[in-house]
There are 2 protein chains.
Amino acid sequence: MDHVRIIEVKQSVFADNDKRAAQLRQELKGRGVFLLNLMSSPGSGKTTTLRRTAELLKDELKIGVMEADIDSDVDARAMAEAGVKSIQLHTGGMCHLDADMTRQGLDELLAEGGVELAILENVGNLVCPAEFDTGAVKNAAILSVPEGDDKPLKYPLMFQVCDVVLINKMDVAPYFDFDLEKCREYIRMRNPNAKVIPICAKTGEGVEEWAGWLREQIRAWKV
Amino acid sequence: MDHVRIIEVKQSVFADNDKRAAQLRQELKGRGVFLLNLMSSPGSGKTTTLRRTAELLKDELKIGVMEADIDSDVDARAMAEAGVKSIQLHTGGMCHLDADMTRQGLDELLAEGGVELAILENVGNLVCPAEFDTGAVKNAAILSVPEGDDKPLKYPLMFQVCDVVLINKMDVAPYFDFDLEKCREYIRMRNPNAKVIPICAKTGEGVEEWAGWLREQIRAWKV
């Protein structure tokens, strides 16, 4: 499949990441591009969630996705198969993306213009990506049911920096000891403002609510 | 519960981690302590696997466990409740443990003597822990079925540095698109020498084989 572009993003040497992230956010605003940063553990369902999200939003918004991974191009292939403009970012072993690495990806993704919603699927990692502002307008995290309801206790920063937490794989809840109310409470302890939306990306459950939340954020940001 | 000790391990400033790890390994050999480094994504079942392992081995080996987390003490509590000597290591936000941080934990765990099998439950992260030699004799990784069979493609280093990969949560395999043979093949691509053992820590399936493998490694190392 030759329409998957792979971009090798270089680790940036800039200590002033926060400043660079703020600059990038400002520039994107000027270009009318809303950047979403999607983070989670490996295998929580980021790509499947994005496929579902694109199905719901692609008729109203031009979407472009950057799939960040240390290696492989399976995610960019999956998105391209779903008819979504996507590129693969290889991080050269790096465990996260910072603002400058994100900019390198955006340079490619936005080159032809037209993208209104750019989504960064960050490296699967519940620790390091939370430490770096990528320049995104909003941060989203996915926590999947099989990972357990105690993750906000163990990985505090991820839940502190998120605007929204999607609890994915709700379809398998009967087979796991996952207490949704307890999980909501732990997220609230870390971040009382985070929106929590239970979903199942596989069946589509809850994805309407998530797409609605995202639509609302984009609308508010454009004003 | 007052018998959970929490140790704040400080990020080490040593560039020569490999040398320090080799030194630590040598010292542990002199003291007759086998150190196992257990790594995985968040929520793959490290703690549950260790509880099962301890049940099988605790009558023949004195076991001590170091539970590394950024925050919380839920894992050390769980191990203590299972009657296993355990301490909690807090990494102060760090995404991994290096040899010096591991040594800080061992100083506490081994203070009273007697431990023959020391286990480091590393921070839940499929990226960074693989980059640092902790001084362990063997590295083990857990990959759980809900994470997906493609993880060795996306997180190459973790599978390269592992001596054994436990495929956990086999009980829920019917509810996920997880191809065990494909997963074995991907692991083999990264590391033809890695032993692969499917288990279910919840039901105990496969844990005998894993305990047998570990027993064998300890025996070989003691010679």
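The structure under discussion appears in the preceding block.
What comes next concerns the included structure. The structure displayed is predicted, hence computed values, not measured ones.

Parameters at a glance
- Residues numbered from 1 in each chain as written.
- Chains lettered and ligands numbered in written order.
- Predicted model: local features only at pLDDT ≥ 70, side-chain atom pairs only at ≥ 80, totals over all residues.
- Heavy atoms only, no water.
- Least-squares fit on C-alpha atoms with pLDDT ≥ 70 in both.
- Contact = heavy atoms within 4.5 Å.
- Pairing = 2+ DSSP bridges.
- Helix = DSSP H or I, 4+ residues; strand = E, 2+ residues; numbered from the N terminus.
- Axes fitted to C-alpha atoms, helices over the stretch in contact; angles between N-to-C directions.
- Parallel < 35°, antiparallel > 145°, perpendicular 65-115°, else oblique.
- Nonpolar A, V, L, I, M, F, W, Y, C, P; charged D, E, K, R; others polar.
- Buried area = accessible area lost by both parts, 1.4 Å probe.
- Salt bridge = Lys/Arg side-chain N within 4 Å of Asp/Glu carboxyl O.
- Polar contact = N/O pair within 3.5 Å; in protein donor to acceptor, adjacent residues only side chain to side chain.
- Core = buried A, V, L, I, M, F, W, Y, C linked by side-chain atoms within 4.5 Å.
- Buried < 20%, exposed > 50% of the residue type's maximum accessible area, 1.4 Å probe, protein only.

1. As for the relation of the copies chain A and chain B
A rotation about some axis, followed by a shift along it, carries one copy of the chain onto the other.
Phase 1: Each copy superposes on the other: chain A lies on chain B with an RMSD of 0.0 Å after a rotation of 180° and an axial shift of 0.0 Å. The transformation just described matches what one would write down for a two-fold rotation axis.
Phase 2: Comparing interface residues between copies, 100% of those in chain A also sit at the interface in chain B, which points to an isologous, same-surface contact.

2. Brief notes about the sheet that holds strand S2 (residues 34–40) of chain B
All names here are of chain B.
Phase 1: Taken in spatial order, the eight strands of this open sheet run S1-S4-S3-S5-S2-S6-S7-S8, and their pairing is parallel. Edge strands, defined here as strands with exactly one partner in the open sheet, are strand S1 (5–8) and strand S8 (195–198). Strand after strand, the sheet turns through a mean of 25° between neighbouring axes, direction not considered.
Phase 2: Sheet analysis places strand S6 (residues 138–144) next to strand S7 (residues 164–168), joined by five bridges and oriented parallel. Across the sheet, residue Ile142 finds its bridge partner in S7, namely Leu166.

3. Concerning the packing of helix H1 (residues 17–31) of chain A against helix H4 (residues 99–109) of chain A
Residue and element names in this part refer to chain A.
Phase 1: Put simply, H1 and H4 touch, their axes get as near as 8 Å, and they point 30° apart. Here H4 runs roughly parallel to H1, going by the angle between their axes. Residues Asn17, Arg20, Ala21, Leu24, Glu27 and Leu28 of H1 pack against Ala99, Asp100, Thr102, Arg103 and Leu106 of H4.
Phase 2: Its residues assigned to classes, the contact of H1 with H4 comprises five nonpolar, two polar and four charged.

4. Focus on the interface of chain A and chain B
Phase 1: In this assembly, 33 residues from chain A lie in contact with 33 residues from chain B.
Phase 2: Taken together, both faces of the contact between chain A and chain B bury some 2500 Å²; the carbon and sulfur share is 60%.
Phase 3: It is A:Pro42, A:Lys154 and A:Tyr175 that lose the most area in chain A upon contact with chain B, and together they represent 23% of the buried surface on that side.
Phase 4: Our count for the contact surface shared by chain A and chain B stands at four salt bridges.

5. A word on the environment of B:Asp149
All names here are of chain B.
Phase 1: Looking at the element boundaries, Asp149 is found in the loop between S6 and helix H5 (151–154).
Phase 2: Along the sequence, Asp149 and Asp179 sit 30 residues apart, while their C-alpha atoms lie 6.1 Å from each other.
Phase 3: Contacts of Asp149, omitting those with residues within four sequence positions, involve Asp177, Phe178, Asp179, Cys183 and Tyr186.
Phase 4: In terms of polar contacts, Asp149 uses its side chain to reach the backbone amide nitrogen of Asp179, at 2.8 Å.

6. With respect to the nonpolar core
Phase 1: Core analysis: the biggest nonpolar cluster contains 91 residues, and A:Leu89, A:Leu106, A:Ile167, B:Leu89, B:Leu106 and B:Ile167 have the highest contact counts within it.
Phase 2: Apart from residues no more than four positions distant in its own chain, B:Leu89 is found in contact with B:Ile7, B:Val9, B:Met66, B:Glu67, B:Ala68, B:Asp69, B:Leu97, B:Gly105 and B:Leu120.

7. Description of unusual backbone geometry
Residues and elements named next belong to chain A.
Phase 1: You will see that Ser72, though not glycine, has its phi angle at about 80°, which is positive.
Phase 2: Along the chain, the position of Ser72 falls in the loop between strand S3 (63–69) and helix H3 (74–81).
Phase 3: For Ser72, a relative accessible area of 13% puts it in the buried group.
Phase 4: Although it is not a glycine, Lys169 sits at a positive phi angle of roughly 65°.
Phase 5: Mapped onto the elements, Lys169 comes out in the loop between strand S7 (164–168) and helix H7 (180–190).

8. Describing the side chain of A:Asn191
All names here are of chain A.
Phase 1: Tracing the backbone shows Asn191 in the loop between H7 and strand S8 (195–198).
Phase 2: Look at Asn191 and you get buried, because its relative accessible area is 8%.
Phase 3: From its side chain, Asn191 meets the backbone oxygen of Phe159 in a polar contact 3.1 Å long.
Phase 4: Leaving out residues up to four positions away in the same chain, Asn191 has contacts with Phe159, Gln160 and Cys162.

9. Regarding the sheet that holds strand S2 (residues 34–40) of chain A
All names here are of chain A.
Phase 1: If you walk across this open sheet you meet the eight strands as S1-S4-S3-S5-S2-S6-S7-S8, and the pairing is parallel. Of all the strands in the sheet, just strand S1 (5–8) and S8 have a single pairing partner and so form its edges. Along the sheet, successive strands turn relative to each other by an average axial angle of 25°, direction set aside.
Phase 2: Summarising the sheet, S3 and strand S5 (residues 117–121) pair through five bridges and their orientation is parallel. Bridge pairing in S5 places Val65 opposite Ile119.

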